[in-house]
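# Descriptive structure summary
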Amino acid sequence: MNNLLKKPLIVVGFVILILYPLDLPGSDWEIFRKGANSSAFMLIGTDARTTALGGEGSGLLYTSAIYWNPANSLGQSRSVVQHEMGHYLLGMDHQISQVHLILQGNRAISASINNLDMGQEEITTVYNPQGTGQYYSAQSMTIALNYAQMLTDRIAVGVQSKWIREQIWLEQATNLAFDIGLRYYETQAGFALGMAIQNVGGLSQLDAGPRTTFTRYDDESNPGSVNSEAEYILKKFPLPLLFRMGLSKHYKFSSNGFFTPSILINAGFSDGLTTPFRTSAGIEIKPVKALALRSGYEVNRDLGSLSLGLGLDIPLGQSKRVIMDYAWVDMDYFGAVERYQLSLEF
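Residues numbered from 1 in each chain as written. Predicted model: local features only at pLDDT ≥ 70, side-chain atom pairs only at ≥ 80, totals over all residues. Heavy atoms only, no water.

## A few points about the overall build of the protein chain
What the protein chain contains, in helices and strands, is three helices and 16 strands. Split into buried and exposed, the 346 residues of the protein chain put 42% on the buried side. Nonlocal contacts in the protein chain, meaning residues at least 24 apart in sequence, comprise 54% of its contacts between residues at least 6 apart. In the form shown here, the protein chain has an accessible surface area of approximately 18900 Å², with 61% of it arising from carbon and sulfur atoms. (Helix = DSSP H or I, 4+ residues; strand = E, 2+ residues; numbered from the N terminus. Buried < 20%, exposed > 50% of the residue type's maximum accessible area, 1.4 Å probe, protein only. Contact = heavy atoms within 4.5 Å. Areas by Shrake-Rupley, 256 points an atom, 1.4 Å probe, with all protein chains shown as cover.)

This is how it looks when you write it as structure tokens:
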């Protein structure tokens, strides 16, 4: 009986610990470092299920949580093809396509494309503040390849490489980054613990392209002034380096085919060089095997603290199934962000 009580108490204790409000002396520095990195779009989660659970999935046990931990590509025994879409803040279009293939020898390879399209904006100038009739676009994208392998029957490790491209009008920047993840899973207890280091890479710098130099017009009121050639000096910025750690505990109350109720508790934290310390917790309740109800909350986030979601699991025979996931995130005065994900397991 004591052993049965220990693990649930450990889970509850861990959740309380990471959700306890922290007021460290370095909080002023955290405010200062916000917005001091490139490729900030990589901080936007790419999994509707985890998003609904509070936005921290480094300790979860399903393949689509690969964004949070590259070792999660071994979270299931089946290969998966999936696509996620959603409208982010101010009408930005966010789409992610992923393929996960399970190989022999407890190995897996994955590939994904993460694209954030910010649409078109009208160009304005000092002399045409209402617009020139021309438009510019902005886009951010990563193409990722992932490899994961079981080291033991409980420990998995994963490595992910990412090619990053950011573009705004004529300027663009490219870079490479890596994620490294580790996950521990105890099958009988339904307990998982994971950790990952994300976005390890060099500095990013925009390339001004054909507009590297321009003519600087001096004061026209001074007849002796001379127009001169000027050059854009573009600085380099670090990638959003992050450390994540999380755990999950899965409770199954019975095993009776379709009627298999279960509860999943998920919690975790993240911290980075250019992001504040954040903690989150979430719960997933399955009254039946095919339906999941989810809710989560994240601490120390300006927007998107509360999240809700649901999932449908539709079997297509013994070896295939379709999974539909939905997440709703409250963005306060920006409204709500909704995410839709469709997965095919085979």
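## Some points on the pairing of strand E3 (residues 107–122)
Judged from the eleven bridges that link them, strand E2 (residues 93–103) and E3 form a sheet pairing that is antiparallel. Residue pairing across strands places Ile-96 opposite Asn-114, the latter belonging to E3. The turn joining E2 and E3, which pair antiparallel and follow one another in sequence, is formed by three residues; a positive phi near 80° is taken by Gly-105. The pairing of E3 with strand E4 (residues 135–150) spans 14 bridges and is classified as antiparallel. Looking at E4, one finds that Glu-121 is bridged to Tyr-136. (Pairing = 2+ DSSP bridges.)

## Describing unusual backbone geometry
The backbone phi angle of Trp-169 is positive, close to 55°, even though this residue is not glycine. Within the fold, Trp-169 resides in the loop between strand E5 (155–168) and strand E6 (171–186). For Asn-300, which is not glycine, the phi dihedral falls at a positive 70°. Look at Asn-300 and you get partly exposed, because its relative accessible area is 42%.

## Some words on the packing of aromatic side chains
Taken as a whole and judged by the stated rule, the model has five aromatic pairs. Between the aromatic rings of Phe-269 and Phe-277, the centroid separation amounts to 5.4 Å while the plane-to-plane angle is 25°, which identifies the pairing as stacked. Considering the side-chain rings of Tyr-333 and Phe-334, the 5.1 Å spacing of their centres and the 45° angle between planes classify their relative orientation as tilted. Given a relative accessible area of 66%, Tyr-333 falls into the exposed group. Here Phe-334 falls in the partly exposed class, since its relative accessible area comes to 38%. Put simply, the rings of Phe-243, Phe-269 and Phe-277 touch in pairs and so form one group of aromatic residues. (Phe/Tyr/Trp six-rings, centres within 6.5 Å; stacked < 30°, edge-to-face > 60°.)

## What about the pattern of salt bridges?
Within the structure shown, the criterion is met by ten salt bridges. For Asp-179, the salt bridge is made with Lys-162, and the minimal N-O distance between the two is 3.1 Å. Of this pair, Asp-179 sits in strand E6 while Lys-162 sits in strand E5; the two residues are 17 residues apart in sequence, bridging distant segments of the chain. We classify Lys-162 as buried; its relative accessible area is 9%. Where Glu-284 meets Arg-294, a salt bridge forms, and the shortest distance between an N and an O atom there is 2.6 Å. (Salt bridge = Lys/Arg side-chain N within 4 Å of Asp/Glu carboxyl O.)

## Quick look at the confidence of the model for the protein chain
Keep in mind that low pLDDT regions are not for reading the predicted coordinates in detail. For the protein chain, the average pLDDT comes to 84, and 82% of its residues sit at 70 or higher. Taken as a whole, residues 15–32 scores under 50 in pLDDT and shows 16 contacts with residues more than four places along the chain or in a different chain. (pLDDT = per-residue confidence, 0-100.)

## Considerations on the side chain of Ser-307
Inspection of the secondary structure puts Ser-307 in strand E14 (residues 306–315). By relative accessible area, which is 2% here, Ser-307 ends up buried. Among the polar contacts listed, one links the side chain of Ser-307 to the backbone nitrogen of Gly-54, at a separation of 3.5 Å. (Polar contact = N/O pair within 3.5 Å; in protein donor to acceptor, adjacent residues only side chain to side chain.)

## Description of the nonpolar core
Among the nonpolar cores identified, the biggest contains 14 residues, and Tyr-88, Leu-89, Ile-164, Met-331 and Val-337 are the most heavily contacted of them. Once you skip the residues sitting within four places of it in the chain, Val-337 turns out to touch His-87, Tyr-88, Leu-89, Ala-327, Trp-328, Val-329 and Met-331. (Core = buried A, V, L, I, M, F, W, Y, C linked by side-chain atoms within 4.5 Å.)

## What about the side chain of Ser-305?
As for its position among the elements, Ser-305 is in the loop between strand E13 (291–299) and E14. Within the local environment of Ser-305, its side chain forms a polar contact with the backbone oxygen of Arg-301, the two atoms lying 3.4 Å apart. Non-local contacts of Ser-305, meaning those with residues more than four positions away in its chain, are made with Gly-296, Tyr-297, Glu-298 and Asp-330.

## Some remarks on the environment of Phe-259
Here Phe-259 is to be found in the loop between strand E10 (242–252) and strand E11 (262–272). Sequence separation between Phe-259 and Ala-290 is 31 residues, and the spatial gap between their C-alpha atoms is 8.6 Å. Other than its neighbours up to four places away in sequence, Phe-259 contacts Ser-254 and Val-288.

## Section: the pairing of strand E12 (residues 278–288)
Where burial is concerned, most of E12 is hidden: eight out of the eleven residues are buried. Both E11 and E12 contribute to a ladder of nine bridges, which runs antiparallel. Bridging from a neighbouring strand, Ala-267 pairs with Ala-281 of E12. As consecutive antiparallel partners, E11 and E12 are separated by five residues. Across eight bridges, E12 lies against E13 in antiparallel orientation. Opposite Glu-284, over in E13, you have Arg-294 as the bridge partner. The hairpin turn running from E12 into E13, its antiparallel successor, is two residues long.

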